[in-house]
Amino acid sequence: MSLNNQNVKIRSAVLGAAGYSGAELCALITANPFFELCYAFASGGREAEPLASLYPRFQQQIDIMVEPWSDAFLDSMTVDVAFLALPHEASEEIAPKLLAKGIKVFDLSGAFRLKQAALYPQYYGYAHQHPELLSQAVYSLMEWQTAPLGDLVSVPGCYPTACSLALLPVLKAGLVTDDCIPVISATSGVSGAGRKASLSTSFCEVGLNAYGFFKHRHRPEIEQNLGRKVVFTPHLGNFKRGILATCVVNLKKGVTAQQVNDAFVAAYQHKPLIRFSQKSPNVADVAGTPFCDLFWQQDGEQLVIMSAIDNLLKGAAAQAMQAANVRFDVPETAGLLPGALV
Ligand SMILES: NC(=O)C1=CN([C@@H]2O[C@H](COP(=O)(O)OP(=O)(O)OC[C@H]3O[C@@H](n4cnc5c(N)ncnc54)[C@H](OP(=O)(O)O)[C@@H]3O)[C@@H](O)[C@H]2O)C=CC1
Ligand SMILES: CC(=O)N[C@@H](CCC(=O)OP(=O)(O)O)C(=O)O
């Protein structure tokens, strides 16, 4: 389906619009001349409310009601695409119903990211109810995606986006030793945990701590992307948005700085949402933007790669928008550049 015509807008719904990444999506769709935000939904458990009342920064910018979701909308709403910014299990339940209605689905949760259903109980804590969809879902790390996106698009996780964009250039270029297990430490801002209240993410509790040692659900996703084992340790930091990932690998003997540089240039020279930093990237410089900032330092056979993204944008909503732009054959950065609405 090609709709490269601003008069025929791609009719869109956002489920989970009351949450952090869903609200960002509402803003990006509104800013995109090729898409029309037709519906915004929250869970069934609340009253309809303007998005601008849930997020006052959208006053006089986005005029849409956030409605309580019910399956009745499956029959009444007319849209081309639904963006799901829902808990994993809710996405898993709702996505097949939308697909059955002929609606393209871009899912921001982890429900369809892993190819092996057997990993879901271990890393997500539940057995997958629709394993048949895992092979159909196309994973949209767009800088590396070459296959067509299809009807069910699984948008990468925030940490896997930061880490995979950092590591894939040198891995794909064959510069890393075969037995190297990349070591990744990544710190996320608190919006990574979503808008719902919880003690561990409340203002007085958050400092800087690691969590999820070896067991975090993003570990198998990163390993699936890289094709090798990793040691992945996420951290929670006391800032609102952004992820800074530090990735360490061993290079093959004799790999030069020029070869490393060339690998990054070859991978990203035509990728508009990747920026090379001149010094260690700072989450403050990517917050509110759809960019991934990369920086690397080499000492002999050791390479450290730093990656910074906004977890809610390049790590979620902007990446979904980027994929939807490509899926519907409109400019890849429509609605994303020059700046996201924040
Ligand atoms: N936050 C982040 O940095 C990132 C998040 N993601 C993923 O995106 C998804 C959303 O995350 P986030 O925005 O943080 O989450 P939030 O907790 O901020 O928002 C979740 C939204 O989903 C709605 N919802 C919850 N359950 C249901 C249901 N059963 N049916 C319909 N709607 C429901 C909520 O409605 P209500 O408000 O009424 O409760 C809310 O609007 C998650 O899967 C997350 O893993 C992906 C990348 C990064
Ligand atoms: C700080 C924080 O809690 N971050 C979340 C990850 C963000 C997220 O929602 O995960 P997805 O990218 O898979 O959707 C976590 O560690 O579970």
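The model shown is predicted, which means the values in this text are computed figures rather than measured ones.

K.L.:
What is the right way to look at the site of ligand 2 in this model?
P.N.:
The full set close to ligand 2 counts 14 residues, and Arg113, Tyr211, His216, Arg217 and His218 are the nearest of them. Here an oxygen atom of ligand 2 and a side-chain polar atom of Arg113 are 2.6 Å apart. Here an oxygen atom of ligand 2 sits 2.6 Å away from a polar atom, N or O, in the side chain of Arg217. Contact with the protein chains removes 81% of the 440 Å² of surface that ligand 2 exposes when unbound. When grouped by side-chain class, the residues that make up the shell around ligand 2 number 6 nonpolar, 6 polar and 2 charged.

K.L.:
How do you make sense of the side chain of Asp293 when you look at a structure like this?
P.N.:
Within the secondary structure layout, Asp293 lies in strand β14 (residues 292–299). For Asp293, a relative accessible area of 5% puts it in the buried group. Of note is the side chain of Asp293, whose polar atom sits 2.7 Å from the side chain of Arg275. In contact with Asp293, other than residues within four places in its own chain, are Arg275, Ser277, Pro281, Asp285, Val286, Met306, Ser307 and Ala308.

K.L.:
What exactly am I supposed to notice about the sheet that holds strand β10 (residues 208–210) here?
P.N.:
By way of backbone hydrogen bonds, the strands of a sheet pair with one another, either parallel or antiparallel. Read from one edge to the other, the open sheet built from 7 strands follows the order β10-β11-β9-β12-β15-β14-β13, with strand pairing classed as mixed. In the strand order of this sheet, the two ends are held by β10 and β13 (274–276), each with one partner. If you compare each strand with its neighbour and ignore which way they point, the axes differ by 20° on average. Pairing geometry for strand β9 (residues 183–188) and strand β12 (residues 243–250), over 6 bridges, is antiparallel. Looking at the pairing, Thr187 lines up with Leu244 of β12. Packing of helix α9 (residues 257–268) onto the sheet brings it into contact with β13, β14 and β15 (302–309), and relative to β14 it is tilted by some 165°.

K.L.:
When you look at the UniProt feature "active site" (unreviewed entry) in the chain in this model, what are you seeing that I'm missing?
P.N.:
According to UniProt, the positions carrying the feature "active site" (unreviewed entry) are Cys158. Structurally, Cys158 is set in helix α7 (residues 158–172). Using a relative accessible area of 14% as the deciding quantity, one classes Cys158 as buried. Setting aside chain neighbours within four positions, we find Cys158 in contact with His218, Ile243, Ile309, Asn311 and Gly315.

K.L.:
Where do I start with the sheet that holds strand β2 (residues 35–42) in this structure?
P.N.:
What the 8 strands build is an open sheet, ordered β3-β4-β2-β1-β5-β6-β8-β7; its pairing is mixed. Two strands lie at the open edges of the sheet, namely β3 (49–50) and β7 (138–139), each paired on one side alone. Relative to strand β8 (residues 152–154), β7 runs parallel, the two being bridged by 2 bridges. In the sheet register, Val138 faces β8, and the bridge partner there is Val153. Helix α1 (residues 20–31) contacts β1 (10–15), β2 and β5 (81–84) of the sheet and is inclined by roughly 160° relative to β2.

K.L.:
Honestly, unusual backbone geometry in this entry has me stumped. Any pointers?
P.N.:
The bulk of non-glycine residues show a negative phi, and the bulk of peptide bonds are trans. The backbone phi angle of Phe214 is positive, close to 65°, even though this residue is not glycine. Summarising the element assignment, Phe214 is placed in the loop between β10 and α8 (218–226). Here the phi dihedral of Asp329 falls at roughly 65°; this positive angle occurs in a residue that is not glycine. Following the sequence through the fold, Asp329 ends up in the segment after α11 (313–327). Look at Asp329 and you get partly exposed, because its relative accessible area is 42%.

K.L.:
Teacher, can you tell me more about the packing of aromatic side chains here?
P.N.:
Centre-to-centre distance and the angle between the planes together describe a pair of aromatic rings. In the structure shown here, the tally under the stated rule is 15 aromatic pairs. Taking 5.9 Å as the distance between ring centres and 90° as the angle between the ring planes, the aromatic pair formed by Phe35 and Phe328 counts as edge-to-face. Placement of Phe35 in strand β2 and of Phe328 in the segment after α11 is noted, with a sequence separation of 293 residues between them. Overall, Phe35 belongs to the buried group, its relative accessible area being 3%. Residue Phe328 is classed as buried on the basis of its relative accessible area of 0%.

K.L.:
I tried to follow the packing of α7 against α8 on my own but got confused; where do I start?
P.N.:
In a pair of packed helices, the angle between the axes and the distance between the axes together describe the arrangement. α8 packs onto α7 with a crossing angle of 25° between their chain directions and a minimal axis gap of 9 Å. With respect to each other, α7 and α8 are oriented roughly parallel. α8 is crossed by α7, and the crossing has right-handed handedness. The segment α7 lies against α8, with Cys158, Tyr159, Pro160, Cys163, Ser164, Leu167, Leu168 and Leu171 engaging His218, Glu221, Ile222, Asn225 and Leu226.

K.L.:
Can you help me understand the pattern of salt bridges in this one?
P.N.:
It is possible for side chains of opposite charge to pair when their charged atoms get near one another. This structure, assessed with the given rule, holds 16 salt bridges. Put simply, Glu24 and Arg57 hold a salt bridge, and the shortest N to O gap is 2.8 Å. With Glu24 in helix α1 and Arg57 in the loop between α2 (51–54) and β4 (65–68), this residue pair connects regions lying 33 residues apart in the sequence. Between Lys104 and Asp151 there is a salt bridge, and its shortest N-O distance comes to 3.9 Å. Separated by 47 residues along the polypeptide, Lys104 in strand β6 (residues 104–107) and Asp151 in the loop between β7 and β8 bring together distant segments of the chain. Among the residues examined, Asp151 registers a relative accessible area of 38% and is labelled partly exposed. One salt-bridge network, held together by shared partners, links Glu24, Arg57, Arg241 and Asp310.

Calculation notes
- Residues numbered from 1 in each chain as written.
- Chains lettered and ligands numbered in written order.
- Predicted model: local features only at pLDDT ≥ 70, side-chain atom pairs only at ≥ 80, totals over all residues.
- Heavy atoms only, no water.
- Near = heavy atom within 4 Å.
- Polar contact = N/O pair within 3.5 Å; in protein donor to acceptor, adjacent residues only side chain to side chain.
- Areas by Shrake-Rupley, 256 points an atom, 1.4 Å probe, with all protein chains shown as cover.
- Nonpolar A, V, L, I, M, F, W, Y, C, P; charged D, E, K, R; others polar.
- Helix = DSSP H or I, 4+ residues; strand = E, 2+ residues; numbered from the N terminus.
- Buried < 20%, exposed > 50% of the residue type's maximum accessible area, 1.4 Å probe, protein only.
- Contact = heavy atoms within 4.5 Å.
- Pairing = 2+ DSSP bridges.
- Axes fitted to C-alpha atoms, helices over the stretch in contact; angles between N-to-C directions.
- UniProt positions renumbered as here; feature names shortened; annotations may be inferred.
- Phe/Tyr/Trp six-rings, centres within 6.5 Å; stacked < 30°, edge-to-face > 60°.
- Parallel < 35°, antiparallel > 145°, perpendicular 65-115°, else oblique.
- Left-handed = near helix turned anticlockwise from the far one by under 90°.
- Salt bridge = Lys/Arg side-chain N within 4 Å of Asp/Glu carboxyl O.

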